[in-house]
Amino acid sequence: MFRRVIPRIACPRLALGIVVALFAGSLHAHPLDDNAELNARVRVVDETTFELVLEFRYKGVIASYTEFRNGLDRNLDGRVTQPEMKQRFVELADEIALGLNLALDGQPLLLEPDFKRFTLQHADDPDGKPSTELETATARIFYRLVFTAQAETASGEHLLEFAFSSPQTVVTSPRDQLLAFGSDGAPLPVTYDLAHQVFPRMRAAFTVKAAAVARPQPEQPPAPPPDTPVPEGLGEIPGGLTLGAGTGLALLGVVLLGRRLLRKQGSLGPAALLVLAGVAVVLGALVRLGWLKLM
């Protein structure tokens, strides 16, 4: 009997290459196809900035190999390096942008790629750090591509519309694959229909609040100059001094009155006024000092 000898394949890359060659006819040549799970998120960053994040998670190594052959692994050496990633990002940005339709209130928005936020990671670790090198024999691709757009919006309600116009784009569940968020991260109210009766389309409503306008304040009169503080003891005449002054006036009036009566000198009127003034001052001083209470 003869034993059949089956040669052992020593290199996993060779085995992968054989499998890929067998299935090459069924692989497409675009990242927006049925080899990747697609998710798109539209976000209102603020009243003038809008963001579109696309994520492509390839189903397996064989599906990922389509993208490796499309130019990600440019020299087909089995390794994807950082320069190769950057060059592929530029190509993808141009290819994908042709199939993106983002509009604000019916007016198309110009989407610009934000290359600093483009990332390529292993699909089994999509939340980890962006990869700097991938092995094509074991890698499962996860792309995250970010586009931004600028537009002026007035206060009030606005409508964002988003759809893919590429027939290679697979959107089987729009409610799960096409999402919209506000600047606070909360989901926006959305509806779904078909653009051109073919492509799944998402419509998201959002509101821009009116800017608060400061009311003009009435002109205030200039503040009066501060009062000069009066040193203690100088704001009023002490009660004792007032009593003495009043007594002096009264005595002076009595003296003048005596001269008028005894010697017939002087006037009676001024003498009487001095007596009355002195008595009034004395009475006021006594009340102020608390020695006399008025009823």
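Everything below is about the structure printed above this text.
Thresholds, definitions, all that
- Residues numbered from 1 in each chain as written.
- Predicted model: local features only at pLDDT ≥ 70, side-chain atom pairs only at ≥ 80, totals over all residues.
- Heavy atoms only, no water.
- Phe/Tyr/Trp six-rings, centres within 6.5 Å; stacked < 30°, edge-to-face > 60°.
- Buried < 20%, exposed > 50% of the residue type's maximum accessible area, 1.4 Å probe, protein only.
- Helix = DSSP H or I, 4+ residues; strand = E, 2+ residues; numbered from the N terminus.
- Expected span 1.5 Å × (residues − 1).
- Axes fitted to C-alpha atoms, helices over the stretch in contact; angles between N-to-C directions.
- Parallel < 35°, antiparallel > 145°, perpendicular 65-115°, else oblique.
- Contact = heavy atoms within 4.5 Å.
- Nonpolar A, V, L, I, M, F, W, Y, C, P; charged D, E, K, R; others polar.
- Salt bridge = Lys/Arg side-chain N within 4 Å of Asp/Glu carboxyl O.

Visitor: Break down the packing of aromatic side chains for me, with residues and values.
Guide: Considering all chains together, one arrives at 7 aromatic pairs under this definition. Seen from their ring centres, Phe-115 and Phe-118 are 5.1 Å apart, and the 55° between their planes marks the pair as tilted. Overall, the relative accessible area of 39% leaves Phe-115 in the partly exposed class. By the ring-pair criterion, three or more aromatic residues cluster together here, those being Phe-89, Phe-115, Phe-118, Tyr-143 and Phe-147.

Visitor: Help me get a handle on helix α2 (residues 61-72), residues and values and all.
Guide: Taking 1.5 Å as the rise per residue, α2 with 12 residues should run 16 Å; its terminal C-alpha atoms sit only 14 Å apart, a clear shortfall. For α2, the complete set of buried residues consists of Ala-63, Ser-64, Tyr-65, Thr-66, Glu-67, Phe-68, Gly-71 and Leu-72.

Visitor: An account of the packing of α2 against helix α3 (residues 82-97) is needed here, citing residue identities and associated values.
Guide: The geometry of α2 relative to α3 is characterised by a closest axis approach of 10 Å and an angle of 90° between their N-to-C directions. Accordingly, the angle class assigned to the pair α2 and α3 is roughly perpendicular. Where α2 abuts α3, its residues Glu-67, Asn-70, Gly-71 and Leu-72 lie against Glu-84, Met-85, Arg-88 and Leu-92. Residue composition of the contact of α2 with α3, by class: 3 nonpolar, 2 polar and 3 charged.

Visitor: Account for the pattern of salt bridges, naming residues and giving values.
Guide: Scanning the entire structure with this criterion turns up 16 salt bridges. Residue Arg-79 is joined to Glu-133 by a salt bridge in which the shortest nitrogen-to-oxygen separation is 3.1 Å. Here Glu-133 lies in the loop between β7 (119-122) and β8 (134-135) and Arg-79 lies in strand β3 (residues 79-80), a separation of 54 residues in the sequence. Given a relative accessible area of 31%, Arg-79 falls into the partly exposed group. For Glu-133, a relative accessible area of 40% gives the class partly exposed.

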